[in-house]
Amino acid sequence: MTISVAERAELRTAVGELLADKCTEADVRRVMESDDGFDRELWGRLADQGVLGMLVDPEFGGLGFGALELEAVAEETGTALLPAPFISSAVLTVALINAAGSDEDRQRLLPALADGTSIGTVALTGPAGTWTPEGVDVRAGTDGTLTGTAHYVTWGQVADLVLVVARTGDDIGVFEVETDAAGFDRAAVTVFDPTVRLSTFTFADTPARRLGSAGWEAVKDALDYTVIASAGEQVGGTRRIFDMTVDYLKTRIQFGRAIGSFQALKHMAADLLLEVESATSAAQNAAAQFADEDTTAEARDGAVALAGFACAEAYVKTTMAAVQMHGGIGFTWEHPCHLYVRRARSGLQLFGDSGLHRERYLLSKGA
C-alpha cells in the first residue's frame, strides 16, 4: 500500500518529533552504553506509531507500507542517530519473512515484530562480509541442521527471532533457529560504532526449521529493502551533520568575523551541499523505482545499487569534512560530529560495500 505524499510527510513528521524528544544526543550517549544498547521504552513508542510494522501487511498487524514510506522514516532515524534494531528487525527480518516465508510463517512471526514484542535479526554473511551468495558460510545438512559461522549479525545479542541464510547444496535457503537451540552460540563483537551492535553466530549441527522454499532471490529482495533503509538513514545523517556544520560556521568567530564568511569554507560548504542533495536524490529515487511496479528489474537494481554506494560515500565525505570545518573540537569524542563519523564509517561496509554496489550498478547498465 502506498499513501499520499501529504500522508507520508505527516508520518515522517510524527516520527521526527518523537525522536527529537526521546532520542537526543544525550539519550544516544546514555543508551549506547547500556547492556541492550537501545531504549526499550522508545522501541515501544515506535511500535505504537506503526514504524516497526511498516512493511508488515495489515492482516498481520502492520501498516502494509512500502519502500517510499520506509525511506522517508529512515531519514528521520538517521538524523537522530537512532541506536536501535530498526533496520535489523523491522526491515531486514520482516522483508525476508515476507519474501521467503509461507502464510503460516507470516502469521506466526510478523505480528510480534510489528508490535515490538519480538526483535529479529538475520545471520547472512560469513567472515568476508560480502553480502552475496558466495559469502554465505553456514551450510544446511540433509537432516535440517546448520553448521558454520555468520559474521556482522546486526543486534544479534538482543534478538529473540533468529533467521539464518544457509547453503543447501547448490542453492540458498532461509532457516529459523531457536535462541536456545543446541550447538548455537552468539558472541558480541567489538564495534567501531557503539550505536549499532554486531555479533558473530556459530552453528554446530544446530537444529533449524526452513522457511518456505525460496532461495537467494528472496534474500536479495530483503537486502534491497535494507539498502534503501540504510540509504535513507545515511541521507538523514548527512543532512544533519551538514546543517550542524553550517550553523557552526555562522556562529564561530575568528579575526572578528564569522568563519563562514571565509571563501575557502564557503566553497567547502557548497561542495557538501551538493553531496547532501545528490545523496537525497539517490535514496528517494531508489525507493520510488522499487515501489513502481512498472519499473524493470534492471532499472530497480541500478537505482538501489546507486543509492547503496552514493549515500554511504556522501555520508563519509560530509562527516569527515565537518570534523575539519569544526576544527579540533570536531574530532573529540564529546562532540556530536564524532558520533556521526562512526555511524558513517560503519555504514560504508554493512549490507554491501561500495565496490559491490558499483559492480551491481554497472551490471544493471549492461556493462
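Each chain carries its own residue numbering, running from 1 in the written order of its sequence. Note on the predicted model: pLDDT of at least 70 is required for a residue's local features to be given, and 80 or more for side-chain atom pairs to be given and counted; whole-chain, interface and lining totals, by contrast, use all residues. Water and hydrogen atoms were dropped before computing side-chain values, which therefore reflect all heavy atoms in the structure.

The protein chain appears in an unreviewed UniProt entry as Acyl-CoA dehydrogenase from Mycolicibacterium vaccae ATCC 25954. For the record of the protein chain, the UniProt heading Cofactor (unreviewed entry) holds the text "FAD". Here the protein chain is described in UniProt, under the heading Sequence similarities (unreviewed entry), as follows: "Belongs to the acyl-CoA dehydrogenase family." UniProt positions are given in the numbering used here, feature names are shortened, and annotations may be inferred rather than shown by experiment.

The subject of this paragraph is the overall build of the protein chain. Across its full length, the protein chain holds 11 helices and 10 strands. Rg of the C-alpha trace for the protein chain: 20 Å, near the compact-globule value of 21 Å for 367 residues, within the 12% margin. Once the C-alpha set of the protein chain is aligned to its principal axes, its extents read approximately 75 × 45 × 35 Å. Note on classification: 1.4 Å probe, protein chains only; a residue is buried when its accessible area is under 20% of the maximum for its type, exposed when over 50%, partly exposed between these limits. Expressed as a percentage of the 367 residues in the protein chain, the buried residues total 55%. By definition, residues are in contact when any of their heavy atoms lie within 4.5 Å. Contacts spanning at least 24 positions in sequence make up 75% of the contacts within the protein chain whose residues lie at least 6 apart. Throughout, the Shrake-Rupley method with a 1.4 Å probe supplies accessible areas, and for residues the shown protein chains are the sole cover considered. When the accessible surface of the protein chain is summed, it comes to about 15,400 Å², and 52% of that surface belongs to carbon and sulfur atoms. Charge assignment: positive for Lys and Arg, negative for Asp and Glu; neither His nor the chain ends contribute. By convention, the point assigned to a charge is CZ for Arg, NZ for Lys, CD for Glu and CG for Asp. Separation between the mean location of the 30 positive side-chain charges and that of the 52 negative ones in the protein chain comes to 8 Å. Helix and strand definitions here come from DSSP, where helices need a minimum of 4 consecutive H or I residues and strands a minimum of 2 consecutive E residues; each element is numbered from the N-terminal end. When we talk radius of gyration, it's over C-alpha atoms, and the globule rule is simply 2.2 Å times the number of residues to the 0.38.

Attention shifts here to the state of the cysteines. Here, the term disulfide refers to a pair of cysteine sulfur atoms separated by no more than 2.5 Å. All chains considered together, the criterion is met by zero disulfides. For Cys23, which is in no disulfide, the shortest distance to another cysteine sulfur is to Cys337 and amounts to 17 Å. On the basis of relative accessible area, Cys23 is assigned to the buried category, the value being 6%. Among the cysteines around Cys311, which has no disulfide bond, Cys337 carries the closest sulfur, lying 20 Å off.

Before going further, it helps to examine the nonpolar core. In summary, soluble globular proteins display a tendency toward joint burial of nonpolar side chains. Phe86, Leu96, Val165 and Val219 are the most contacted members of the largest nonpolar core, which totals 95 residues. Among the elements that make up this core, the one with the highest residue count is helix α7 (residues 216–251) (13 residues). Within the second largest apolar cluster, 15 residues are counted, among which are Ala123, Val153, Ala166 and Phe201. To qualify as a nonpolar core, a set must consist of buried Ala, Val, Leu, Ile, Met, Phe, Trp, Tyr and Cys residues joined through side-chain atoms within 4.5 Å.

What follows is about helix α4 (residues 67–79). An ideal rise of 1.5 Å per residue puts 18 Å on 13 residues; α4 measures up with 18 Å between its terminal C-alpha atoms. Extensive coverage of α4 is indicated by the burial of 11 of its 13 residues. Inspection of α4 places Ala67, Glu69, Leu70, Glu71, Ala72, Val73, Ala74, Glu75, Glu76, Thr77 and Gly78 among the buried residues, and these make up the whole buried set. After α4 finishes, the residue Leu81 shows a positive phi value of roughly 55°. In this scheme, a helix's expected span is set at 1.5 Å multiplied by one less than its residue total.

What follows concerns the environment of Asp180. Its location among the elements puts Asp180 in the loop between β5 (171–177) and β6 (184–188). Classification of Asp180 by relative accessible area gives exposed; the value is 67%. Residues Asp180 and Arg40, spaced 140 residues apart in sequence, show a C-alpha to C-alpha distance of 22 Å.

Another aspect to go through is the UniProt feature "domain: Acyl-CoA dehydrogenase/oxidase N-terminal" (unreviewed entry) in the protein chain. Mapped onto this numbering, the UniProt entry gives "domain: Acyl-CoA dehydrogenase/oxidase N-terminal" (unreviewed entry) at residues 7–116. The span residues 7–116 shows a helical share of 66% and a strand share of 0%, and its end C-alpha atoms are spaced 23 Å apart.

As a further point, take the side chain of Thr132. Within the fold, Thr132 resides in the loop between β1 (120–123) and β2 (139–140). Only 2.9 Å separates the side chain of Thr132 from the side chain of Thr130, close enough to count as a polar contact. Non-local contacts of Thr132, meaning those with residues more than four positions away in its chain, are made with Trp216 and Leu356. Residues adjacent in sequence count toward polar contacts only when both atoms are side-chain atoms; beyond that, a polar contact is any pair of N or O atoms within 3.5 Å, and within protein one must be able to donate a hydrogen and the other to accept it.

To define axes, lines are fitted to C-alpha atoms, for helices over the stretch in contact only, and angles between the resulting N-to-C directions are given on a 0 to 180 degree scale. Packing of helix α9 (residues 297–325) against helix α10 (residues 336–347) leaves a shortest axis separation of 9 Å and a crossing angle of 155°. In terms of their interaxial angle, α9 and α10 are classed as roughly antiparallel. Viewed along their axes, α9 and α10 form a crossing whose handedness is left-handed. On α10, the residues touching Ala312, Tyr315, Val316, Thr319, Met320, Ala322 and Val323 of α9 are Cys337, Tyr340, Val341, Arg343, Ala344, Arg345 and Gly347. Among the residues forming the contact of α9 with α10, the class breakdown is 10 nonpolar, two polar and two charged. Oblique is the label for any angle not covered by the other classes, which are roughly parallel (under 35 degrees), roughly antiparallel (over 145) and roughly perpendicular (65 to 115). Throughout, a crossing is termed right-handed when the near helix is turned clockwise from the far one, and left-handed when it is turned anticlockwise from it by less than a right angle. Any residue that is not Ala, Val, Leu, Ile, Met, Phe, Trp, Tyr, Cys, Pro, Asp, Glu, Lys or Arg is counted as polar, Gly included; the first ten are nonpolar and the last four charged.

Let's shift gears to the domain arrangement of the protein chain. These domain boundaries are the output of an automatic or database domain assignment. Taken domain by domain, the protein chain holds domain 1 (5–115), domain 2 (120–215) and domain 3 (217–365). One C-alpha centre belongs to domain 1, the other to domain 2; they are set 22 Å apart. Facing the 27 residues of domain 1 at the interface are 19 residues of domain 2. Accessible area, probed at 1.4 Å, shrinks when two parts are joined; the buried area is that loss added up over both. Across the interface of domain 1 and domain 2, roughly 1,800 Å² is buried in total on both sides, 63% from carbon and sulfur atoms. Any Lys or Arg side-chain nitrogen found within 4 Å of a carboxyl oxygen on Asp or Glu counts as a salt bridge. In this assembly, domain 1 and domain 2 are joined by three salt bridges.

Attention now goes to helix α6 (residues 103–114). With 12 residues, α6 should reach 16 Å at 1.5 Å per residue; the first-to-last C-alpha distance of 16 Å fits that figure. Within α6, the full set of buried residues consists of Asp105, Arg106, Leu109, Leu110, Leu113 and Ala114. The arc that holds the buried residues of α6, viewed along the axis, is 125°, so those residues lie on one side. Looking at the buried residues of α6, the elements they touch are α3 (40–48), α5 (86–100), β1, β4 (161–168), β5 and β8 (209–210). When we speak of the arc, we mean the arc of directions from the helix axis to the C-beta atoms.

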